[in-house]
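Results of the structural survey
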Amino acid sequence: QAVKNYLEFSDLNDDITIFPNPSADSILIAFKEPKAEPVTISIYDSHGRLLHENSFQITWLNQPVQYDISELAAGIYFAKVKTASSFKTIRLMKL
């Protein structure tokens, strides 16, 4: 039963993936099927305060995208990745 639940709720089939998680210096953001569209990445603390925000154009050539988190203190954050067609919020642990 536990394996079934893990597979049902795993992130293996998600369109947007952040790794490594946890991370100390930077994260990689990968798109399953990147479209040539603008992407905004927002980093929030556990109180919902916006700490970082960056926008760029995604293509097949520049992904996965590296995002620097070295200036953040160790802790739990939330990364919101938004494109014109979708968005996802991912819990992120900074070491």
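In short, a report on the structure. (Residues numbered from 1 in each chain as written. Predicted model: local features only at pLDDT ≥ 70, side-chain atom pairs only at ≥ 80, totals over all residues. Heavy atoms only, no water.)

Turning to the sheet that holds strand β7 (residues 87-94), a few remarks are in order. Overall, antiparallel pairing links the 4 strands, which are arranged β4-β3-β6-β7 in an open sheet. The outermost strands of the open sheet, each flanked by one partner alone, are β4 (50-58) and β7. Mean inter-strand twist for the sheet, computed between neighbouring axes without regard to direction, equals 20 degrees. By the bridge criterion, 6 bridges tie strand β3 (residues 37-44) to strand β6 (residues 75-83) in an arrangement that is antiparallel. Each bridged residue has a counterpart across the sheet, and for Ile41 the counterpart in β6 is Val81. (Pairing = 2+ DSSP bridges. Helix = DSSP H or I, 4+ residues; strand = E, 2+ residues; numbered from the N terminus. Axes fitted to C-alpha atoms, helices over the stretch in contact; angles between N-to-C directions.)

Looking now at the environment of Gly48. You can see Gly48 is positioned in the loop between β3 and β4. Under the relative-accessibility criterion, Gly48 is labelled partly exposed at 49%. (Buried < 20%, exposed > 50% of the residue type's maximum accessible area, 1.4 Å probe, protein only.)

Okay, the nonpolar core next. Ranked by size, the top nonpolar core spans 19 residues in total, and within it Ile18, Ile29, Ile41, Ile43 and Val81 carry the most contacts. Elements with a contribution of two residues or more to this core: β1 (16-19), β2 (26-31), β3, β4, β5 (65-68), β6 and β7. Apart from the residues lying within four places of it in its own chain, the contact partners of Ile43 are Arg49, Leu50, Leu51, His52, Tyr67, Leu72, Tyr77, Phe78, Ala79 and Leu92. (Core = buried A, V, L, I, M, F, W, Y, C linked by side-chain atoms within 4.5 Å. Contact = heavy atoms within 4.5 Å.)

Geometry only, nothing functional implied.
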